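# Chains, contacts and geometry: an overview
Take a look at the letters that make up each chain.
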Amino acid sequence: MHSTTRPRKRPKFKDLPTFTKVKITDTQVGFWLNDGREIWIPLDWSALLQQATSVQRQQFRVSAYNIFWEDIDEIIGVENILYGKKLWL
């Protein structure tokens, strides 16, 4: 018998985990999700965050599915974290 593996489908938006916490260091951004995962991405995934001052990086707003940095016009969504490689926004 020949078995094939089907690619895993992305969950529907409403079924995605949500953000519970965000932490920013000089080189990384950490995201905590309500399903228990902790995911870190390099700061250079976002040119806007990389170029921002440390004060600007700390001025963000967390919603269930997105993190907003209004001063630098950056948004990172849970889908970017789970399925992206770099932020191409």
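In the block above lies the structure referred to throughout.
Residues numbered from 1 in each chain as written. Predicted model: local features only at pLDDT ≥ 70, side-chain atom pairs only at ≥ 80, totals over all residues. Heavy atoms only, no water.

## Quick word on the pattern of salt bridges
A full pass over the atoms with the stated rule returns 2 salt bridges. A salt bridge links D35 to R37; its shortest N-O distance comes to 2.6 Å. For D35, a relative accessible area of 41% translates into the label partly exposed. A salt bridge links E70 to R61; the nearest nitrogen and oxygen atoms lie 3.0 Å apart. Given a relative accessible area of 57%, E70 falls into the exposed group. Judged by relative accessible area, which is 43%, R61 ranks as partly exposed. (Salt bridge = Lys/Arg side-chain N within 4 Å of Asp/Glu carboxyl O. Buried < 20%, exposed > 50% of the residue type's maximum accessible area, 1.4 Å probe, protein only.)

## Structural notes on the sheet that holds strand β4 (residues 61-62)
With antiparallel pairing, the 3 strands of this open sheet are ordered in space as β4-β5-β6. One side of each edge strand has no neighbouring strand; the edge strands of this open sheet are β4 and β6 (74-77). (Pairing = 2+ DSSP bridges. Helix = DSSP H or I, 4+ residues; strand = E, 2+ residues; numbered from the N terminus.)

## Describing the pairing of strand β3 (residues 38-42)
Strand residues, when the strand is regular, have side chains that alternate between the two faces of the sheet. Across the two faces of β3 the burial differs, with I39 and I41 buried and E38, W40 and P42 not buried at all. As defined by bridge partners, strand β2 (residues 28-33) adjoins β3 across 5 bridges and the pair is classed as antiparallel. The residue of β3 that forms the bridge with Q28 is P42. The antiparallel pairing of β2 with β3 creates a hairpin that spans 4 residues between the two strands, and G36 there sits at a positive phi of about 100°.

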